[in-house]
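Structural features, examined
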Amino acid sequence: MEIVMTGYQASQEIINNIEQRLSFLRKYFVIPVIKVEIDTIPFDVSLKITVRIDLGKLTLGNSIVHDDYFSGVELCLMKIEDKIKAQREALSLKYPDCIAQSFPIVNRTKPIAKARKESREIREYDEEEAIMFMELNGLNFLVYQDVFSKELSAVSRDIDGNYIRFDFQQG
């Protein structure tokens, strides 16, 4: 594996730590790392660090602005690993011969989940009644017909506990 650094002169200890940290790629890919490029652009009090990992068939990368070189590189590598985990399905479909067995290939022949086939009547509420009905029934989302406008509306609770109203217009 070749590590190319531009814009920053790292010690051999830092280079060895980066090589050791890159071992996480063996969990996900069976192809070897060809080259790792770490570009650094100094700003007034921080560094813009860009890490690109060349695996031949695909290139992984991320950028970050940080005040410490090694911590910035570590954060870039963590974000690259998070991207790999998040894009597991796309990677396994696009590069099936590159994916390691510990990083399973997705089988799309089976449906993920069956949709419930249930119909419910849409009741008339005003916004306050809809929120009260949601709270009493432990719901996070409710579709209803507005009493005043007769339009289809919905109310939802976000992760902060605030309520959001959606109005659907006909047409």
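Use the structure listed above.
Residues numbered from 1 in each chain as written. Predicted model: local features only at pLDDT ≥ 70, side-chain atom pairs only at ≥ 80, totals over all residues. Heavy atoms only, no water.

1. Focus: the sheet that holds strand E3 (residues 47–54)
Definition in use: At least two bridges found by DSSP between two strands is the condition for calling them paired. Secondary structure is summarised from DSSP: a helix means a run of H or I of at least four residues, a strand means a run of E of at least two, and numbering begins at the N terminus for each. Lines are fitted to the C-alpha atoms to define the axes, a helix being fitted only along its stretch in contact, and any angle between axes, read from their N-to-C directions, falls within 0 to 180 degrees.
The strand order across the open sheet formed by 4 strands is E1-E2-E3-E4, and the pairing between neighbours is mixed. Each edge of the open sheet is held by one strand with a lone partner, namely strand E1 (2–6) and strand E4 (59–66). Between one strand axis and the next, the sheet turns by 10° as a mean value, whatever way the strands run. As defined by bridge partners, strand E2 (residues 35–42) adjoins E3 across 8 bridges and the pair is classed as antiparallel. The residue bridging Pro42 from the neighbouring strand is Leu47, located in E3.

2. Let's talk about helix H3 (residues 69–86)
Note the cut-off: Here the expected span of a helix is defined as 1.5 Å times the quantity of residues minus one. Burial here depends on accessible area, computed with a 1.4 Å probe over protein chains only, as a share of the maximum for the residue type. Under 20% is buried, over 50% is exposed, and the range in between is partly exposed.
With 18 residues, H3 ought to run about 26 Å at 1.5 Å a step, and its terminal C-alpha atoms sit 26 Å apart, in line with that. Turning to H3, its buried residues number three or more, namely Tyr69, Gly72, Val73, Cys76, Leu77, Ile80, Glu81 and Ile84.

3. Describing the side chain of Asp126
Definition in use: Polar contact is defined as a pair of N or O atoms within 3.5 Å, subject to the rule that within protein one atom must be able to donate a hydrogen and the other to accept it, and that residues adjacent in sequence are counted only when both atoms are side-chain atoms. Any two residues having at least one pair of non-hydrogen atoms within 4.5 Å are treated as being in contact.
As for its position among the elements, Asp126 is in the loop between strand E5 (124–125) and helix H5 (127–137). Reaching out from Asp126, the side chain makes a polar contact with the backbone nitrogen of Glu128 at a distance of 3.2 Å. Among the polar contacts listed, one links the side chain of Asp126 to the backbone nitrogen of Glu129, at a separation of 2.8 Å. Discounting chain neighbours no more than four positions away, the residues touching Asp126 are Tyr144, Val147 and Phe148.

4. With respect to a nonpolar patch on the surface
Rule in force here: Every patch collects residues that have over 30% relative accessible area and no salt bridge, joining them within 9 Å if they carry like charges and within 5 Å if they are nonpolar side chains (Val, Leu, Ile, Met, Phe, Trp, Tyr). Note that accessible areas follow from Shrake-Rupley with a 1.4 Å probe, and for residues the cover is restricted to the protein chains shown. Every case where a carboxyl oxygen of Asp or Glu lies within 4 Å of a side-chain nitrogen of Lys or Arg is listed as a salt bridge.
Among the surface-exposed residues, Ile122, Phe141, Val143, Leu152, Ile164, Phe166 and Phe168 lie close enough to one another that they form a single nonpolar patch of about 560 Å² accessible area. Looking at the nonpolar patch, the elements with two or more residues in it are strand E6 (141–146) and strand E8 (163–168). When residues in the nonpolar patch are grouped by element, the largest group, 3 residues, is from E8. Counting through the fold element by element, Val143 comes out in strand E6.

5. Concerning the packing of aromatic side chains
Filter applied, for reference: Two rings from Phe, Tyr or Trp (for Trp, the six-membered ring) form a pair when their centres sit within 6.5 Å of each other. Planes less than 30 degrees apart are called stacked, planes more than 60 degrees apart edge-to-face, and all others tilted.
The final tally for this structure, using the stated rule, is 5 aromatic pairs. Aromatic pair Tyr125 and Tyr144: ring centres 6.3 Å apart, planes at 70°, arrangement edge-to-face. Taken together, the positions of Tyr125 in strand E5 and Tyr144 in strand E6 put the pair 19 residues apart, joining distant regions of the chain. Tyr125 gets classed as buried once you look at its relative accessible area, which sits at 12%. Since its relative accessible area comes to 0%, Tyr144 is described here as buried. Through a chain of ring-to-ring contacts, three or more aromatic side chains come together here, namely Tyr125, Phe133 and Tyr144.

6. Focus: the pairing of strand E7 (residues 152–157)
As paired strands, E6 and E7 are joined by 5 bridges and run antiparallel to one another. Counterpart to Gln145 in the pairing with E7 is Leu152. Two successive antiparallel strands, E7 and E8, enclose a turn made up of 5 residues, where Gly161 displays a positive phi of approximately 90°.

7. Description of the sheet that holds E7
Read from one edge to the other, the open sheet built from 4 strands follows the order E5-E6-E7-E8, with strand pairing classed as mixed. Of all strands in the sheet, those bounded by a partner on one side alone are E5 and E8. Judged from the 6 bridges that link them, E7 and E8 form a sheet pairing that is antiparallel. Bridge pairing in E8 places Ser153 opposite Asp167.

8. Examining the packing of helix H1 (residues 12–21) against H3
Heads up, the rule is: When an angle is under 35 degrees it counts as roughly parallel; over 145 it counts as roughly antiparallel; between 65 and 115 it counts as roughly perpendicular; any other value is oblique.
H3 packs onto H1 with a crossing angle of 10° between their chain directions and a minimal axis gap of 11 Å. The angle between the axes of H1 and H3 places the two elements in the roughly parallel class. Within the contact between the two elements, H1 uses Ile14, Asn17, Ile18 and Arg21 and H3 uses Tyr69, Phe70, Val73, Glu74, Leu77, Met78 and Glu81.

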